[in-house]
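Next come the chains, spelled out residue by residue.
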Amino acid sequence: MAKMEVKTSLLDDMIGVGDMVLLEPLDEDSFIDNLKKRFDHNEVYTYIGSVVISINPYRSLPIYTPEKVEEYRNRNFYELSPHIFALSDEAYRSLRDQDKDQCILITGESGAGKTEASKLVMSYVAAVCGKGAEVNQVKEQLLQSNPVLEAFGNAKTVRNDNSSRFGKYMDIEFDFKGDPLGGVISNYLLEKSRVVKQPRGERNFHIFYQILSGASEDFLCKLKLEQDFSRYNYLGLDSAKVNGVDDAANFRTVRNAMQIVGFMDHETQSVFEVVAAVLKLGNIEFKPESRVNGLDESKIKDKNELKEICELTGIDQSVLERAFSFRTVEAKQEKVSTTLNVAQAYYARDALAKNLYSRLFSWLVTRINESIKAQTKVRKKVMGVLDIYGFEIFEDNSFEQFIINYCNEKLQQIFIELTLKEEQEEYIREGIEWTHIEYFNNAIICDLIENNQTGILAMLDEECLRPGTVTDDTFLEKLNQVCATHQHFESRMSKCSRFLNDTTLPHSCFRIQHYAGKVMYQVEGFVDKNNDLLYRDLSQAMWKANHSLIKALFPEGNPAKINLKRPPTAGSQFKASVATLMKNLQTKNPNYIRCIKPNDKKAAHIFNDALVCHQIRYLGLLENVRVRRAGYAFRQAYEPCLERYKMLCKQTWPHWRGPARSGVEVLFNELEIPEEEFSFGRSKIFIRNPRTLFKLEDLRKQRLEDLATLIEKIYRGWKCRTRFLLMKKSQVVIASWYRRYAQQKKYQKIKSSAIIVQSYIRGWKARKLLRELKHQRRCNEAATIIAAYWHGTQVRREYRKFFRANAGRKIYEFTLQRLMQKYFLEMKNKMPSLSPIDKNWPARPYLFLDSTHKELKRIFHLWRCKKYRDQFTDQQKLIYEEKLEASELFKDKKALYPASVGQPFQGAYLEISKNPKYKKLKDAVDEKIIIAEVVSKINRANGKATSRIFLLTKNNVLLVDQKSGNIKSEVPLGDVTKVSMSSQNDGFFAVHLKEGSGAAGKGDFLLSSDHLIEMATKLYRTTLSQTKQKLNIEISDEFLVQFKRDKVCVKFIQGSQKNGNIPTCKRKNNRLLEVAVP
Ligand SMILES: Nc1ncnc2c1ncn2[C@@H]1O[C@H](COP(=O)(O)OP(=O)(O)OP(=O)(O)O)[C@@H](O)[C@H]1O
Ligand SMILES: [Mg+2]
């Protein structure tokens, strides 16, 4: 089963293109644009195939952390975005796993970041290789050699604050497991002229400043130094302080590093003594002194400094003083001494300082090598790291630049050779046909410099060794003769007329067209520097020093080993060491880091197109890409290729079961990629055009998006489904729990209800039972009580007579009986009269008979009244009835009434039947006369009274003239509606007649009688018995009477008594009739 593993690629999230081989179109502009784009996005590394281009970011980027180391560890080169760690990892793994020695070639101009790159490589390898106490110590020593060498070999220049002023090649040795065993460092040509003189704006080597700022006062005193930089002539003062560099702290680092690397304390002490001596040498000054023989002679101005130097180095002061004044030339066993003039003395001083320092530096390298060299003799695997000074073009270029640039030519040469070789080898290995590639081969320039017969170095040596006067000019002349025809050599003196008129080329210069550009060299100093002479007197003086280190630095000063043969010149020495280096490199698998400087200002974020363009030109990077792309731009092993693109074809997705190669074939066929666009190698697929690759990438990206959507879809579906299932499951659980709970609740409720009902029923039953029982008990008790009472009664009844207790009661009852008997007997005797109006009644004898007494009185009275009534005759009865009637009608209403009570009602006051006067009247009235009386009739008009006889019969009221006995008016009783009278003591009354009746024509009657009460009573009774209607009797002091048509008000007022008791009537107006009552 294929392992699920996330494979990444360089092609993922690329900014621009990560590998220049994929650049489309490929030209200088697009090349620079791509670098710039990446640089702007902090991508400082870019590949050309397996070559790493590194642009100095001039600021610390967070891309070198331990996490990054882990990220790049054991990953394939093209798997992640370009990084120096990828190259380091690739180199280290192929060294460890494939047993191939490696070299890492770091090139680029000054300040491009070579030294930093070499340190990054070393630290990466140190981080990923084996661990353990011993291994760690070796690693630490290897890493700590850097600060020591940088302190002594680096200096601030205008181009770089930490410029390496020597070339360095370090072989790191590993055992078969890949654990570091040790290392060997080779150094190349220290720029020793810097010791005595530095260009404007530059400094001497760091160590001088570090000692002065970092050493304790004690230590300085021991070294006879002072802290003040300005005290020393050799220290360039205008830029003694470098921004961002702490010399004092660095001094401590260096001392610490020296200790780690394994320097003994006395060795460290000696090293600093030599450094101090060099510094103090610069302060020795000379003055001219003329001698008798006319020869110029120099003399040391102030011998104090010399004395101190001698004390420091243990040299005899006189010996050194002499060495600065004389020069001994030995030839054929003859010694000739000549004096030195001031200039020569200064030359000697500077030569000594330069030699002391450069030899000290070489000694340091040797000493470090001693410490870090592998302890075992087993076969070692080697990784070489080359950090050599970059190609240099200054305004004034001298011998040093010439040497440096020669070295860079050689490196370019080896780069071309090895890249082409590798490319070719790969084609052969993979069985792909090789096509020839056009590129610039700088072998011709190398030949111009190093050719053993006609090369510039050979000629310089020849000139130096030639007897006779040798000057730089003679050297230039020679050059002009020999190299004039060379394509890459330019000089005004050359026979070739091309440059005769070229004013940019001074006469004292020659120009070489290096692969990296034209460089003009000042010929001045070439011979001297190549000779690198130190007067023998000086080296001998040094050898004589009582200082083991200095003695060791000048072995040629030993007179016993005197060697008259000239030492090899600097040029030839360098050529030889470069040749060795090249040989060494050719045996190894090369890895290239090509450093580029983005600007001249040592500033971050600035990308100077012109400067970069220049660098990529001379580094031949475009050629590099072309070579790499010749034929096929891109290649990839089958496995990663299939892994990356398998999703583009149904047969290969998701798994291809067969071999990777056939998988790729199927894939490419399916995608219909034209056949000329690719080729199948043995282990790799070769793609001719970057376009094809980008097409594949586009397809892949699109497909990935589709796949991502698919995965997302499936994942979402899965997620929803699992969630749904989970929810469903949960729902079932919850529902079951809830149901259980609900049922439980319901059951509890039913149960408690049942219990309640049950308890009520039980209670009810119990109560019923209780009631029954209680009832039964009460019945029993009642029966018992009744029985008891009954028995009691029986017994009491039987025995009562025998009890005295009943005597009181009997006596009481008897007494009462006796009292009542007595009462009734007494009452019989005391009875009052039988008159109903007798109010007497005997007093009550006993209180308890009160009600009986009253009742008796009432009964007696009623009985007496009855007795009285029973005596009446019918006549009397009638009279009393009438009297009773009168009482009911008038009592308390009419003031006249009380007087009437005592008068018996006679009725017929006029005995009509007996009086003959009324014979006719008697005849006219055949009915029984009830009332016959004389009344006064009031004249309606004036109120005057006239007498009339008033007759009341069973049916009529008659008014009869008293004299004649003629009937004046006859009114049937039915026509009398009302009788009105006053409440006063008068006999005045009005008889109201029914309206419209026959008698009513003249109106109502106004009459006055002495027997008013009797008359009114009889009229009432007769009307009632005849008409069965109650006559209305109105008693009021003001009433209305009908006179003909008028209604007249009769008003009673208080009158005078002049007419006796008779009221007087007066008609006041036609509405009012006043009656004055006396
Ligand atoms: N990868 C990097 N990250 C951050 N800063 C860097 C990096 N590389 C170089 N630099 C900066 O650039 C400066 C110069 O780099 P370096 O000393 O490596 O240059 P060089 O190529 O060795 O120059 P020379 O040829 O003069 O020795 C360093 O001191 C450092 O400040
Ligand atoms: Mg450097």
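Residues numbered from 1 in each chain as written. Chains lettered and ligands numbered in written order. Predicted model: local features only at pLDDT ≥ 70, side-chain atom pairs only at ≥ 80, totals over all residues. Heavy atoms only, no water.

A. Examining the site of ligand 1 more closely. Neighbouring ligand 1 are 18 residues; Ser110, Gly111, Lys114, Thr115 and Ser163 lie closest to it. Here an oxygen atom of ligand 1 sits 2.7 Å away from a polar atom, N or O, in the main chain of glycine 111. Contact distances for ligand 1 include 2.7 Å between an oxygen atom and a backbone N or O atom of serine 164. Taking 620 Å² as the accessible area of ligand 1 by itself, protein coverage stands at 86%. Contributions of two or more residues to the shell around ligand 1 are made by helix H4 (114–128) and strand S5 (163–164). A total of three residues in the shell around ligand 1 trace back to one element, the largest contributor, which is H4. For the shell around ligand 1, the per-class residue count stands at four nonpolar, ten polar and four charged. (Near = heavy atom within 4 Å. Polar contact = N/O pair within 3.5 Å; in protein donor to acceptor, adjacent residues only side chain to side chain. Areas by Shrake-Rupley, 256 points an atom, 1.4 Å probe, with all protein chains shown as cover. Helix = DSSP H or I, 4+ residues; strand = E, 2+ residues; numbered from the N terminus. Nonpolar A, V, L, I, M, F, W, Y, C, P; charged D, E, K, R; others polar.)

B. Up close: the sheet that holds strand S24 (residues 976–981). Overall, mixed pairing links the eight strands, which are arranged S23-S22-S21-S20-S26-S25-S24-S27 in an open sheet. Looking at which strands have only one partner, the edges of the open sheet turn out to be strand S23 (967–972) and strand S27 (1032–1035). Strand-to-strand twist across the sheet, computed as the mean angle between neighbouring axes with direction ignored, equals 30 degrees. Here four bridges tie S24 to S27, and the two strands are oriented parallel to one another. Note that in S27 the partner of serine 980 across the bridge is glutamate 1034. (Pairing = 2+ DSSP bridges. Axes fitted to C-alpha atoms, helices over the stretch in contact; angles between N-to-C directions.)

C. Representation of helix H23 (residues 621–629) in the model. Extensive coverage of H23 is indicated by the burial of seven of its nine residues. For H23, the complete set of buried residues consists of Leu621, Leu622, Asn624, Val625, Val627, Arg628 and Arg629. (Buried < 20%, exposed > 50% of the residue type's maximum accessible area, 1.4 Å probe, protein only.)

D. Seen up close, the packing of helix H7 (residues 206–214) against helix H9 (residues 247–261). Between H7 and H9, whose axes approach to 7 Å, the crossing angle comes to 100 degrees. Relative to H9, the element H7 is oriented roughly perpendicular. For the pair formed by H7 and H9, the contact residues are Tyr209, Gln210, Ile211, Ser213 and Gly214 on the first element and Asp247, Ala248, Asn250, Phe251 and Val254 on the second. When grouped by side-chain class, the residues that make up the contact of H7 with H9 number five nonpolar, four polar and one charged. (Parallel < 35°, antiparallel > 145°, perpendicular 65-115°, else oblique. Contact = heavy atoms within 4.5 Å.)

E. Representation of the coordination of the magnesium ion (ligand 2) in the model. Only Thr115 (OG1) and Ser164 (OG) from the protein coordinate the magnesium ion (ligand 2), and they sit 1.9 to 2.1 Å from it. Here serine 164 lies in strand S5 and threonine 115 lies in helix H4, a separation of 49 residues in the sequence. Of the residues examined, threonine 115 reaches a relative accessible area of 14% and is grouped as buried. (Donors = N, O, S within 2.8 Å, 3.2 Å for Na, K, Ca; no water.)

F. Structural context of the sheet that holds strand S16 (residues 589–596). Taken together, seven strands build an open sheet; the order of strands is S1-S2-S16-S3-S12-S6-S7 and the sheet is mixed. Each of the sheet's edge strands pairs with one partner strand only, and the pair in question is strand S1 (45–48) and strand S7 (180–188). Between one strand axis and the next, the sheet turns by 20 degrees as a mean value, whatever way the strands run. The pairing of strand S6 (residues 167–174) with strand S12 (residues 381–387) spans seven bridges and is classified as antiparallel. Opposite lysine 168, over in S12, you have aspartate 387 as the bridge partner. Packing against the sheet, helix H5 (residues 133–153) makes contact with S6 and S7, and its axis sits at approximately 15 degrees to S7.

G. Looking closely at the nonpolar core. The biggest cluster of nonpolar side chains holds 208 residues, and the ones touching the most others in it are Phe31, Phe152, Ile211, Leu320, Phe324 and Phe510. Looking at which element gives the most residues to this core, the answer is helix H13 (residues 342–372), with 13 residues. Look past the residues within four positions of phenylalanine 31 in its chain and what remains in contact with it is Met20, Leu23, Leu26, Ile48, Ile53, Ile616, Leu621, Leu622 and Val625. Counting 31 residues, the second largest nonpolar core, distinct from the first, contains Val935, Val971, Val976 and Ala1016. (Core = buried A, V, L, I, M, F, W, Y, C linked by side-chain atoms within 4.5 Å.)

H. Spotlight on the side chain of glutamate 173. Here glutamate 173 lies in strand S6. Contacts of glutamate 173, omitting those with residues within four sequence positions, involve Asp179, Pro180, Leu181, Gly182, Gly183, Val184, Ala374, Lys380, Lys381 and Val382.

I. Up close: unusual backbone geometry. Note that the residue after glutamate 24, namely proline 25, is joined by a cis bond; omega there is -5 degrees. Inspection of the secondary structure puts proline 25 in the segment before helix H1 (28–40). In this structure, glutamate 672 takes a positive phi of about 55 degrees despite not being glycine. Examined against the element boundaries, glutamate 672 turns out to sit in the loop between helix H25 (660–670) and strand S18 (678–680). Given a relative accessible area of 67%, glutamate 672 falls into the exposed group.

J. Layout of the packing of aromatic side chains. Taken as a whole, this structure holds 39 aromatic pairs when the rule is applied. On the basis of an interplanar angle of 65 degrees and a centroid distance of 6.3 Å, the ring pair of tyrosine 406 and phenylalanine 574 is categorised as edge-to-face. Here tyrosine 406 is found in helix H14 (residues 399–430), whereas its partner phenylalanine 574 is found in helix H21 (residues 570–586), with 168 residues between them in sequence. A single burial state applies to tyrosine 406 and to phenylalanine 574, both of which are buried. When the centroid spacing of 6.2 Å and the interplanar angle of 35 degrees are considered together, the rings of tyrosine 638 and phenylalanine 680 count as tilted. One end of the pair, tyrosine 638, is in helix H24 (residues 638–645); the other, phenylalanine 680, is in strand S18, and 42 residues separate them in sequence. You can call phenylalanine 680 partly exposed: its relative accessible area is 23%. A connected cluster of aromatic rings, assembled from ring pairs, spans Phe399, Phe402, Phe475, Phe489, Phe510, Tyr521 and Phe526. For arginine 367, the ring lying beneath its charged end belongs to phenylalanine 263, and the centroid distance is 5.2 Å. Note that lysine 551 overlies the ring of tryptophan 543, its terminal NZ or CZ placed 4.2 Å from the centroid. (Phe/Tyr/Trp six-rings, centres within 6.5 Å; stacked < 30°, edge-to-face > 60°. Lys NZ or Arg CZ within 6 Å of the ring centre and 35° of its normal.)

K. Main features of the environment of phenylalanine 31. Along the chain, phenylalanine 31 turns up in helix H1. Given a relative accessible area of 0%, phenylalanine 31 falls into the buried group.

L. How the structure looks around the pairing of strand S19 (residues 684–687). One ladder, built from four bridges, connects strand S17 (residues 634–637) with S19; its direction is antiparallel. From the neighbouring strand, arginine 635 faces S19, where its bridge partner is phenylalanine 686. With three bridges connecting them, S18 and S19 associate as antiparallel partners. Opposite phenylalanine 678, over in S19, you have isoleucine 687 as the bridge partner. The loop that links S18 with its antiparallel partner S19 comprises three residues.

M. Examining the pairing of strand S3 (residues 102–107) more closely. In terms of burial, S3 is a largely internal element, six of the six residues being buried. Note: S3 against S12, five bridges, orientation parallel. Within the sheet, the bridge partner assigned to isoleucine 104 lies in S12 and is valine 385. Sheet analysis places S3 next to S16, joined by six bridges and oriented parallel. Paired with cysteine 103 across the bridge in S16 is proline 590.

N. Main features of helix H29 (residues 874–890). Taking 1.5 Å per residue as the helical rise, H29 with its 17 residues ought to reach 24 Å, and the 24 Å between its terminal C-alpha atoms agrees with that figure. The complete set of buried residues in H29 reads Glu882, Lys883, Glu885, Ala886, Ser887, Leu889 and Phe890. The inward-facing, buried residues of H29 abut helix H30 (897–901), S24, helix H32 (1012–1027) and S27. After H29 finishes, the residue aspartate 892 shows a positive phi value of roughly 70 degrees. (Expected span 1.5 Å × (residues − 1).)

O. Highlighting a positive patch on the surface. Residues Arg762, Lys765, Arg767, Lys768 and Arg771 make up a contiguous surface patch of positive charge. In this structure, arginine 762 sits in helix H26 (residues 690–799). Classification of arginine 762 as exposed rests on a relative accessible area of 54%. (Patch = residues over 30% accessible without salt bridge, like charges linked within 9 Å, V, L, I, M, F, W, Y side chains within 5 Å. Salt bridge = Lys/Arg side-chain N within 4 Å of Asp/Glu carboxyl O. Lys, Arg positive; Asp, Glu negative; His and termini not counted. Charge placed at Lys NZ, Arg CZ, Asp CG, Glu CD.)

P. A nonpolar patch on the surface, seen in detail. Taken together, the side chains of Ile711, Tyr715 and Trp718 present a nonpolar region at the surface, about 370 Å² in accessible area. Tracing the chain through its elements places tyrosine 715 in helix H26.

Q. Representation of the environment of threonine 8 within the structure. By the secondary structure assignment, threonine 8 is in the segment before H1. Taking the C-alpha atoms as reference, threonine 8 lies 150 Å from phenylalanine 860; in sequence the two are 852 residues apart. What threonine 8 contacts, discounting residues up to four positions off in sequence, is Arg75, Glu79, Leu80 and Arg644.

R. Structural view of the pattern of salt bridges. Summed over the entire model, instances satisfying the criterion amount to 61 salt bridges. Notably, a salt bridge pairs glutamate 191 with arginine 165, separated by 2.8 Å at the nearest N-O pair. Taken together, the residues span a long stretch of sequence, with glutamate 191 in the loop between S7 and helix H6 (193–196) and arginine 165 in the loop between S5 and S6 at a distance of 26 residues. Judged by relative accessible area, glutamate 191 falls into the buried class, the value being 12%. For lysine 303, the salt bridge is made with glutamate 321, and the minimal N-O distance between the two is 2.9 Å. Taken together, the residues span a long stretch of sequence, with lysine 303 in helix H11 (residues 303–313) and glutamate 321 in helix H12 (residues 317–323) at a distance of 18 residues. Given a relative accessible area of 33%, lysine 303 falls into the partly exposed group. Here the residues in one salt-bridge network are Glu226, Arg231, Lys280, Glu305 and Glu308, joined through shared partners.

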